[in-house]
Amino acid sequence: RLGRRRALLLADAAFALGAAAQGAAQGVAALLLGRALVGLGVGVASAVVPLFIAECAPQASRGGLVTVNVVFITGGQLVAYASNLAFARLAGNWRWMLGAAALPALAQAAGLCFVPESPRWLMRCGGRRHEAADALARLREPDEARRELEAIEKELTDEAERVTGEEQTLLADVAGLRKPHNGSQQTLQKTVGVHVYPAEEMNLRHGLDVRRLVHMARTFTRPSGLRLRVYLDLVVAGCKFILILIC
């Protein structure tokens, strides 16, 4: 209901407020509140940003721009650890490390002021065709904008018909108390949330991702002081960034 742009603005506000609260915290409660706000901002942004990019980008460059988003995430982690290394030299270094995180959120919020809302979202929510056309006019050439608007209208119509058909099949399966088959089985699984994802399960049991590696490294180097831990974080983030570029 908020739209992609306003959701991101709220996420930026939550992140900036959370970072500022952590930097100025005078106790554990303030730190936890700030951390919760930062987590809320990260969660919303991680879900909305790829969607916003995909809905606004031209079809030819859509996949590439979504991939660039992943590269910038890992690159941002590398920059964050590098800035932590610089702040480690200052008095009250942890406050600078936590509070400075508000700056990227404020920069993104400023940039969003110059970006139109997602045309697809405008069409999906109430059929705001005129606003969607204005948004596409800012993102495309006139002829391309007209063709894409017509394509969005057709896709949304087909999607509505397909969803209606799936809902009717699902209701028939449940009402008849029989085992659903094919597409209706997948729909039922998604509806009641009984899907099992083997890859995620194996990752939980046997995985060793970068976050676990960073946590282990911090635990083992805790007696050595903050500087060594920051150096190690920087090395791990750099390796992750290089691997993302290679992939």
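See the structure printed just above.
Residues numbered from 1 in each chain as written. Predicted model: local features only at pLDDT ≥ 70, side-chain atom pairs only at ≥ 80, totals over all residues. Heavy atoms only, no water.

1. A look at the side chain of arginine 140
(1) Moving on: Note that arginine 140 resides in the loop between α7 (129-139) and α8 (142-175).
(2) Moving on: Engagement of the side chain of arginine 140 in a polar contact is seen with the backbone oxygen of cysteine 56, the distance being 2.9 Å. (Helix = DSSP H or I, 4+ residues; strand = E, 2+ residues; numbered from the N terminus. Polar contact = N/O pair within 3.5 Å; in protein donor to acceptor, adjacent residues only side chain to side chain.)

2. Topic: the packing of helix α1 (residues 4-23) against helix α5 (residues 102-112)
(1) Moving on: Close contact between α1 and α5 brings their axes to 8 Å; oriented N to C, the two are set at 155 degrees. In this view, α1 runs roughly antiparallel relative to α5, as classed from their interaxial angle. Considering only the axes of α1 and α5, their crossing is left-handed. Facing α1, whose interface residues are Arg5, Leu8, Leu9, Asp12, Phe15, Ala16 and Ala19, α5 presents Ala102, Ala105, Leu106, Gln108, Ala109 and Leu112.
(2) Moving on: Here the contact of α1 with α5 is built from residues that sort into ten nonpolar, one polar and two charged. (Axes fitted to C-alpha atoms, helices over the stretch in contact; angles between N-to-C directions. Parallel < 35°, antiparallel > 145°, perpendicular 65-115°, else oblique. Left-handed = near helix turned anticlockwise from the far one by under 90°. Contact = heavy atoms within 4.5 Å. Nonpolar A, V, L, I, M, F, W, Y, C, P; charged D, E, K, R; others polar.)

3. Thoughts on helix α2 (residues 28-56)
(1) Moving on: For α2, with 29 residues, the first-to-last C-alpha span of 41 Å sits near the 42 Å given by 1.5 Å per residue.
(2) Moving on: Of all the bends in α2, the largest measures some 30 degrees and sits at valine 48, one to four residues before the proline proline 50.
(3) Moving on: Among all positions in α2, only Gly34, Val38, Gly41, Ala45, Val48, Val49, Phe52, Glu55 and Cys56 are buried.
(4) Moving on: Buried residues in α2 make contact with α1, α3 (62-87), α5, α6 (119-124) and α7. (Expected span 1.5 Å × (residues − 1). Bend = angle between axes of the 7 residues up to and from the residue. Buried < 20%, exposed > 50% of the residue type's maximum accessible area, 1.4 Å probe, protein only.)

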